[in-house]
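As a plain string of letters, each chain reads:
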Amino acid sequence: MAQHPEVRGFFDPATYTVTYLVSDPATGMAAIIDPVLDFDPASARTSTRSIDAVMAALEAAGLTLAMTLETHAHADHLTAAAHLRRATGVSIGIGAHITEVQSTFAPLFGADDVRSDGRVFDHLYGDGDVFALGDLSVQVIHTPGHTPACISYRIGDAVFTGDTLFMPDYGTARTDFPGGDARTLYRSIQRLLALPDDTRVFVGHDYLPQGRTDYRFETTVAQQRAHNIHIGRGVSEDDFVAMREARDATLGAPRLILPSLQVNIRAGDLPPPAPDGQRYLRLPLNAI
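Residues numbered from 1 in each chain as written. Predicted model: local features only at pLDDT ≥ 70, side-chain atom pairs only at ≥ 80, totals over all residues. Heavy atoms only, no water.

Novice: Talk me through the packing of aromatic side chains; I want residue IDs and the actual numbers.
Specialist: Applying the stated criterion across every chain yields a total of 13 aromatic pairs. When the ring of Tyr-125 is compared with that of Phe-131, the centres are 4.5 Å apart and the planes differ by 10°; the resulting orientation is stacked. No difference in accessibility class separates Tyr-125 from Phe-131, as the two residues are buried. Each ring, one from Tyr-125 and one from Tyr-153, has its centre 6.5 Å from the other, and the planes form 90°; the classification is edge-to-face. (Phe/Tyr/Trp six-rings, centres within 6.5 Å; stacked < 30°, edge-to-face > 60°. Buried < 20%, exposed > 50% of the residue type's maximum accessible area, 1.4 Å probe, protein only.)

Written out as structure tokens, the structure is:
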């Protein structure tokens, strides 16, 4: 019988992101997946309101935070991973191919402090890696396509897919970021759809497609295989690639892509202070 982690999702309406609190019922050890650091682009102010709510829930449940896990370097929200590491001492894990993302985006932002070796993160996970969360086993599945560094975490009867898969009525991730590829995404998703039918699938975002009024972020492999509007019902690889590339050509840049990426390649740390002591985010003009 598959292990059954307890999962609670925290939805951030500002970025449509879901942060997950995942715990082992037997030991009370917990992980936070894809934590959000709140950012107001008008005032350039950050806050920890969202992650504070997650931590309050963790403490109310008597859980012990063991680690922070990232599914990828997000382009739509700033990560609170570094904040959690400073506040609690827990490690930050991410896919090993984050080094490719760092090497692509550090020059864009003139981020001379960022080394493209992933060392700012504590654990770089490769495909097939397995580690423990209490008595639970966490398996890493490399699922590139949205970005080269995307990974999914399979924890017992649950899998956390980040941006690779969305709810069946919304579809799949875009693939037009540097290092993204629609054909690669199709093959990554086939690995997820090969998991047992009753595997719980927890997605990274919900954008409320037309015809639905409630936000959702849990489905199953069987539901994805049967009903996903982009890749369900046996859609062929070539048909998926044609659809995905045509759809991507109509999409604009995410609202927070520039602040997000320069923070997230630093694992959530803000850029180092300038000589005047102030920290600055950079907005490279006409660059993306």
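And the narrative resumes.
Novice: Explain the pairing of strand β1 (residues 6-12) to me, using residue names and the numbers behind them.
Specialist: Across 7 bridges, the pairing between β1 and strand β2 (residues 17-23) is antiparallel. Bridging across to β2, Asp-12 finds its partner in Thr-17. (Pairing = 2+ DSSP bridges. Helix = DSSP H or I, 4+ residues; strand = E, 2+ residues; numbered from the N terminus.)

Novice: Tell me what's going on with the sheet that holds strand β11 (residues 136-142), and back it up with residues and numbers.
Specialist: Strand order in the open sheet made by the 6 strands is β10-β11-β12-β13-β14-β15, with mixed pairing throughout. Unpaired on one side and paired on the other, β10 (130-133) and β15 (218-220) mark the two borders of the sheet. Taking each pair of neighbouring strands and ignoring which way they run, the sheet shows an average axis angle of 30°. The sheet contact formed by strand β12 (residues 151-155) and strand β13 (residues 158-162) spans 3 bridges and is antiparallel. Directly across from Arg-154, in β13, lies its bridge partner Val-159. Against the sheet, helix α4 (residues 182-193) makes contact with β11, β12 and β13, and its axis sits at roughly 155° relative to β11, the strand it touches most. (Axes fitted to C-alpha atoms, helices over the stretch in contact; angles between N-to-C directions. Contact = heavy atoms within 4.5 Å.)

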